[in-house]
Protein chains: 2
Amino acid sequence: MVVLFTFKIKEEHERQLREEFPDIAFRFAGKLDVDVLTEAEIIVTYGEDLSENEIEQAKNLKWVMVASAGLEKMPLRKLEERKILVTNVRGIHKTPMAESVLAHILSLKRSLPKIYEFQREGEWSKKLGSSELKGSTAIILGPGAIGSEIGRLLQAFGVFTIGCNRSGRLSEHMNEMISFEKLITRLPDADIIISVLPSTPETKGLLTAVHFDDMKDDAIFMNFGRGDLVDEQVLIDALDQQKIGHAVLDVFEKEPLTSDHPFYRMANVTVSPHVSSHSSEYIPRSLQVFTYNLRKWLNGEEDVQNKIDLKRGY
Amino acid sequence: MVVLFTFKIKEEHERQLREEFPDIAFRFAGKLDVDVLTEAEIIVTYGEDLSENEIEQAKNLKWVMVASAGLEKMPLRKLEERKILVTNVRGIHKTPMAESVLAHILSLKRSLPKIYEFQREGEWSKKLGSSELKGSTAIILGPGAIGSEIGRLLQAFGVFTIGCNRSGRLSEHMNEMISFEKLITRLPDADIIISVLPSTPETKGLLTAVHFDDMKDDAIFMNFGRGDLVDEQVLIDALDQQKIGHAVLDVFEKEPLTSDHPFYRMANVTVSPHVSSHSSEYIPRSLQVFTYNLRKWLNGEEDVQNKIDLKRGY
């Protein structure tokens, strides 16, 4: 059985896979190698290199393992037609993303940007104006796996968490739940507003100038979901007019930002270049999901992890 | 009854005190006013402005409330002689200090210094080498109120916590406890070593070159206790030779650091100018302890909070 990896992994990980599965012919091509494609039974990919054309060529293909959460660029219909199993690694982003969110919040509350600045200037100064996270109120837009993990950590710091989703149905690690419609009523109470929402017709442009008007003037707004949640000019205006205290942005309308983008130079903005899910643990954790499923696959078991319903697309 | 405040507080806090205790003559002098001193029954101070001389002048003095944890500069013997009640605010540092410790750890794990640097340079780069806190092992030197709070938060992030004190007796929120003598045996397993130890004959110079030899080469060492825990040159050598990954220092042998101190320019050092306990919540929280005790005092109740045993000095 041939397994094609279309992205590079470390030699030590290659060795581990070969040792655990000696009967499998692993092809660590690091790209979509056409010669291997035709014989591969399993393809392990980031999910951005497969088109309908490639699926047709892959005559032996039975399983596509996507080492990512997004499936936007996958030829799902073609895969469904061929009844090919598709799995992904959803859930593995929650730890690095939640840690990034907490890192940015604590950094601002405990004045780390100023501490670093004073160090660069060789200045011993205690004029920092530090505050605390404890006793804050946070609204989490999109309390799924990632949002709940953020809520869990915030609660450990003594933060009151308000989850906000379409239905307002209860989610884990939230002290309170509200629907999108009720969001505006709770914004005046929030010290921190965090979005981890995906891009859907309902979330696109969900936040408008009115929302920023209703936030506290020292509120921290964090977008770690998708850049189309709020029109960029609306956000720039809110920050220029100091309607809120600070924005931490991991996602943008257009990525990468051009080097002359105003966000880079705004003192009340942190630009995080879409890296909040990055982690040295990413590949090891993806391979754990893969090997777990591979063992099941070899045993003919069908209850693999993170199986995608190709009709629904998730 | 006259109460003298020797440090400044906000007008709103003055008003709150006057409203809650209308029969008390508050003197918000903001310094050790000699005229008020002679009539004051209670003095509220940071504990650095009282000498034996002042205690003698304060004929009516019955209670000194110290809005700090350290009592090193207080004339304890004289106070004991006069049988004056002394209370402090120990415990109120734990939230800001634990939040500072977590802020620095997460900032390093999630590459915030690099993210800020790329932003200053207007550069969109994902080359950060971020890792995760989850799954790490931390040694906490001095697992008292502050150390245990750090342990509690670290455990929420999935960190294995090892407390280290003189006796090795169990402390809260520690997965394991070791004595100072056993420290060296567990250093090779630690990703993070945090000290919140006070300065005592036993802790002075507790860490030596041998200890840094035994740490992981990517370990984070954090000193948030006292600067005499380790000889500064030993620490500089360990960092120059990259025996460890990074040091976050909130305390130093001599404070303030002079602007030409090497720590300021070392890429693997964060200089925090002894501010980890600073917080906008400090005065409000101190006043909470004070008013709680003041109510008891006025009712003639003796079980006040944070009463100091003047013989032991804590």
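Residues numbered from 1 in each chain as written. Chains lettered and ligands numbered in written order. Predicted model: local features only at pLDDT ≥ 70, side-chain atom pairs only at ≥ 80, totals over all residues. Heavy atoms only, no water.

Taking an unreviewed UniProt entry as the reference, chain A is identified by name as D-2-hydroxyacid dehydrogenase belonging to Chungangia koreensis. Word for word, the UniProt comment on chain A under Sequence similarities (unreviewed entry) is "Belongs to the D-isomer specific 2-hydroxyacid dehydrogenase family." (UniProt positions renumbered as here; feature names shortened; annotations may be inferred.)

1. Examining the side chain of B:Thr6
Residue and element names in this part refer to chain B. Tracing the sequence through the fold places Thr-6 in the loop between strand 1 (2-5) and helix 1 (11-20). Look at Thr-6 and you get buried, because its relative accessible area is 6%. Side-chain polar atoms of Thr-6 contact the side chain of Thr-45, separated by 3.5 Å. Non-local contacts of Thr-6, meaning those with residues more than four positions away in its chain, are made with Gly-30, Lys-31, Leu-32, Ile-43, Val-44, Thr-45, Tyr-46 and Asp-49. (Helix = DSSP H or I, 4+ residues; strand = E, 2+ residues; numbered from the N terminus. Buried < 20%, exposed > 50% of the residue type's maximum accessible area, 1.4 Å probe, protein only. Polar contact = N/O pair within 3.5 Å; in protein donor to acceptor, adjacent residues only side chain to side chain. Contact = heavy atoms within 4.5 Å.)

2. Structural notes on a negative patch on the surface
Residue and element names in this part refer to chain A. Where like charges cluster on the molecular surface, the negative patch consists of Asp-231, Asp-237, Asp-240 and Glu-253. With respect to the secondary-structure elements, Asp-240 resides in helix 10 (residues 232-240). Among the residues examined, Asp-240 registers a relative accessible area of 54% and is labelled exposed. (Patch = residues over 30% accessible without salt bridge, like charges linked within 9 Å, V, L, I, M, F, W, Y side chains within 5 Å. Areas by Shrake-Rupley, 256 points an atom, 1.4 Å probe, with all protein chains shown as cover. Salt bridge = Lys/Arg side-chain N within 4 Å of Asp/Glu carboxyl O. Lys, Arg positive; Asp, Glu negative; His and termini not counted. Charge placed at Lys NZ, Arg CZ, Asp CG, Glu CD.)

3. Quick notes on the UniProt feature "domain: D-isomer specific 2-hydroxyacid dehydrogenase catalytic" (unreviewed entry) in chain A
With numbering aligned to this structure, UniProt lists the feature "domain: D-isomer specific 2-hydroxyacid dehydrogenase catalytic" (unreviewed entry) at residues 7-302 of chain A. Between the C-alpha atoms that bound residues 7-302 of chain A the distance is 26 Å, and the span itself is 33% helix and 15% strand.

4. A few points about the nonpolar core
One finds A:Leu154 and B:Leu154 to be the most contacted residues of the largest nonpolar core, which totals 62 residues. Sequence-distant contacts of A:Leu154, defined by excluding residues within four places in its chain, comprise A:Leu102, A:Ile105, A:Leu133, A:Ala138, A:Ile140, A:Val159, A:Thr161 and A:Ile194. (Core = buried A, V, L, I, M, F, W, Y, C linked by side-chain atoms within 4.5 Å.)

5. Topic: the pairing of strand 6 (residues 137-141) of chain A
Residues and elements named next belong to chain A. In terms of residue burial, strand 6 counts as a mostly covered element, since 5 of its 5 residues are buried. Going residue by residue along strand 6, you find Thr-137, Ile-139 and Leu-141 tucked away on one face and Ala-138 and Ile-140 tucked away on the opposite face as well. Taken together, the 5 bridges between strand 6 and strand 7 (residues 160-165) define a ladder with parallel strand orientation. From the neighbouring strand, Ile-139 faces strand 7, where its bridge partner is Ile-162. (Pairing = 2+ DSSP bridges.)

6. So, the packing of helix 1 (residues 11-20) of chain A against helix 11 (residues 282-298) of chain A
Residues and elements named next belong to chain A. Interhelical geometry of helix 1 versus helix 11 gives an angle of 15° and a closest axis separation of 12 Å. Put simply, helix 1 runs roughly parallel to helix 11. Note on packing geometry: the crossing formed by helix 1 with helix 11 is right-handed. Residues His-13, Leu-17 and Glu-20 of helix 1 form the contact with helix 11, whose own contacting residues are Ile-283, Pro-284, Leu-287, Phe-290, Thr-291 and Arg-295. (Axes fitted to C-alpha atoms, helices over the stretch in contact; angles between N-to-C directions. Parallel < 35°, antiparallel > 145°, perpendicular 65-115°, else oblique. Left-handed = near helix turned anticlockwise from the far one by under 90°.)

7. Describing the sheet that holds strand 11 (residues 246-249) of chain A
Residues and elements named next belong to chain A. One open sheet accounts for 7 strands, arranged 8-7-6-9-10-11-12; its pairing is parallel. Across the chains shown, the open sheet's two edge strands, defined by having one partner strand only, are strand 8 (176-179) and strand 12 (269-271). Going from strand to strand, the sheet's axes swing by 15° on average, the running direction of each strand aside. Here strand 10 (residues 220-223) runs beside strand 11; their pairing, made up of 4 bridges, is parallel. Residue pairing for strand 11: Ile-220 is matched across the bridge by His-246. Together, strand 9 (192-195), strand 10, strand 11 and strand 12 form the strand contacts of helix 5 (residues 94-109), whose direction differs from that of strand 10 by roughly 155°. Its contacts with the sheet put helix 7 (residues 145-156) on strand 6, strand 7 and strand 9, and the angle it makes with strand 6 is roughly 170°.

8. Examining the interface of chain B and chain A
Each side of the interface is counted separately: chain B has 54 residues, and chain A has 54 residues. Here chain B meets chain A over a buried area of about 4500 Å², counting both sides, of which 58% is carbon and sulfur. Across the chain B-chain A interface, the total number found is 2 salt bridges. Of the charged contacts, one joins A:Glu132 and B:Arg285 as a salt bridge, the two residues approaching to 2.5 Å between their closest N and O atoms. Inspection of the region where chain B meets chain A yields 34 residue pairs in polar contact (both at pLDDT 80 or more). Ranked by residues supplied to the side of chain B that touches chain A, first place goes to helix 5 (residues 94-109) of chain B with 9 residues. For the side of chain B that touches chain A, the residue count by class is 25 nonpolar, 18 polar and 11 charged. (Buried area = accessible area lost by both parts, 1.4 Å probe. Nonpolar A, V, L, I, M, F, W, Y, C, P; charged D, E, K, R; others polar.)

9. Things to note about unusual backbone geometry
With an omega dihedral of -5°, the bond running from A:Glu255 to A:Pro256 counts as a cis peptide bond. Within the fold, A:Pro256 resides in the loop between strand 11 and strand 12. Unlike most non-glycine residues, A:His274 shows phi in positive territory, near 50°. Within the fold, A:His274 resides in the loop between strand 12 and helix 11. Under the relative-accessibility criterion, A:His274 is labelled partly exposed at 22%. One non-glycine residue, B:His173, lies in the positive phi region at around 60°. Relative accessible area serves as the criterion here: at 28%, B:His173 is assigned to the partly exposed category.

10. Structural notes on the pattern of salt bridges
Following the criterion strictly, the structure yields 29 salt bridges over all chains and no others. For the salt bridge of A:Lys216 with A:Asp191, the shortest nitrogen-to-oxygen distance reads 2.8 Å. You can see A:Lys216 sitting in the loop between helix 9 (209-213) and strand 10 and its partner A:Asp191 sitting in the loop between helix 8 (183-186) and strand 9, a full 25 residues away along the chain. Notably, a salt bridge pairs B:Lys243 with B:Asp213, separated by 2.6 Å at the nearest N-O pair. Of this pair, B:Lys243 sits in the loop between helix 10 (232-240) and strand 11 (246-249) while B:Asp213 sits in helix 9 (residues 209-213), placing them 30 residues apart in sequence. With a relative accessible area of 22%, B:Lys243 lands in the partly exposed category.

11. Considerations on the domain arrangement of chain A
Residue and element names in this part refer to chain A. Splitting chain A by domain gives domain 1 (2-92 + 280-298) and domain 2 (94-271). Summarising the inter-unit geometry, the C-alpha centres of domain 1 and domain 2 are found 35 Å apart. With 4 residues of domain 1 at the interface, the matching set in domain 2 holds 4 residues. Buried area between domain 1 and domain 2, summed over both chains or domains, comes out near 240 Å², and the portion from carbon and sulfur atoms is 42%. When the buried area of domain 1 at its contact with domain 2 is split by residue, Gly-91, Ile-92 and Arg-285 rank highest and sum to 84% of it. Here domain 1 and domain 2 share 0 salt bridges between them. On the surface where domain 1 and domain 2 come into contact, there are 1 residue pair in polar contact (both at pLDDT 80 or more). Split into classes, the residues belonging to the side of domain 1 that touches domain 2 amount to 1 nonpolar, 1 polar and 2 charged. (Domains from an automatic or database assignment.)

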